Amino acid sequence: MRRRVSDRVRNQIILCQDGSPFVPQYPGGINFLKCTGCGECIKVCPQGCIELQEINGKLVAVLTKMELCIGDGMCKIVCPEDAFL
Ligand code: SF4
Ligand code: SF4
């Protein structure tokens, strides 16, 4: 039986440049206490998932469009405060 295209894509293993399997690095959230609002994560996010918002008088990064996240993990890598969960 022919499998649907969506099933074939879902079951593919994506390889990194070094040949190792790509493991998605979806952020689990942002620790508002650690975030300084520097905006570095926003600059590198290719999907526009993160915005700066004022919460309790403090500018912090918020994951506003997680449905677009591709799990590349760049936000986690660049954050100087290690604020991503
Ligand atoms: S993992 Fe990638 S796409 Fe997802 S929020 Fe972080 S930088 Fe954006
Ligand atoms: S890079 Fe880290 S400290 Fe800077 S805005 Fe993003 S979460 Fe906050």
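About the cut-offs
- Residues numbered from 1 in each chain as written.
- Chains lettered and ligands numbered in written order.
- Predicted model: local features only at pLDDT ≥ 70, side-chain atom pairs only at ≥ 80, totals over all residues.
- Helix = DSSP H or I, 4+ residues; strand = E, 2+ residues; numbered from the N terminus.
- Rg over C-alpha atoms; globule rule 2.2 N^0.38 Å.
- Buried ≥ 20, exposed ≤ 12 C-beta atoms within 10 Å, placed from the backbone.
- Near = placed C-beta within 6 Å.
- Nonpolar A, V, L, I, M, F, W, Y, C, P; charged D, E, K, R; others polar.
- pLDDT = per-residue confidence, 0-100.
- Core = buried A, V, L, I, M, F, W, Y, C linked by C-beta atoms within 7 Å.
- Contact = placed C-beta atoms within 7 Å.
- Pairing = 2+ DSSP bridges.

(A) Examining the overall build of the protein chain more closely. Scanning the protein chain from N- to C-terminus turns up three helices and two strands. In terms of overall dimensions, the protein chain is more spread out than a globule: its C-alpha atoms have a radius of gyration of 16 Å, far above the 12 Å expected for 85 residues. Looking at the protein chain residue by residue over its 85 residues, the buried ones come to 14%.

(B) Representation of the site of ligand 2 in the model. With respect to spatial proximity, 13 residues lie near ligand 2, and among them Cys 35, Cys 38, Cys 41, Ala 61 and Cys 79 are the closest. Its residues assigned to classes, the shell around ligand 2 shows eight nonpolar, three polar and two charged.

(C) Structural context of unusual backbone geometry. Despite not being glycine, Asn 56 shows a phi value in the positive range, around 50°. Checked against the element boundaries, Asn 56 lands in the loop between β1 (50-55) and β2 (58-63). Since 6 C-beta atoms lie within 10 Å of it, Asn 56 is described here as exposed. The backbone phi angle of Asp 82 is positive, close to 55°, even though this residue is not glycine. Within the secondary structure, Asp 82 is located in the segment after α3 (74-78).

(D) Summary view of the confidence of the model for the protein chain. Taken as a whole, the protein chain shows an average pLDDT of 91; of its residues, 91% reach a score of 70 or greater. Highest mean pLDDT in the protein chain belongs to helix α2 (residues 40-44) (98); lowest belongs to helix α1 (residues 5-10) (66).

(E) A look at the nonpolar core. In terms of nonpolar packing, the biggest core is built from 11 residues, these being Ile 30, Cys 35, Cys 41, Cys 45, Cys 49, Ile 50, Ala 61, Cys 75, Cys 79, Ala 83 and Phe 84. Among all residues touching Ile 50, those that are not within four sequence positions of it are Cys 41, Ile 42, Cys 45, Ala 61, Val 62, Leu 63, Thr 64 and Cys 75.

(F) Focus on the environment of Glu 67. Note that Glu 67 resides in the loop between β2 and α3. Here the alpha-carbon distance between Glu 67 and Cys 49, two residues 18 residues apart in the chain, equals 8.1 Å.

(G) The pairing of β1, seen in detail. Where β1 meets β2, six bridges bridge the pair, whose relative direction is antiparallel. Counted as the bridge partner of Glu 54 is Leu 59 from β2. Between the antiparallel neighbours β1 and β2 lie two residues, among them Asn 56 with a positive phi of about 50°.

(H) Spotlight on the environment of Gly 37. Here Gly 37 is to be found in the loop between α1 and α2. Through-space distance from the C-alpha of Gly 37 to that of Glu 54 is 9.3 Å; in sequence the pair is 17 residues apart. Apart from residues lying up to four places away in sequence, Gly 37 is in contact with Leu 52, Leu 59, Val 60 and Ala 61.

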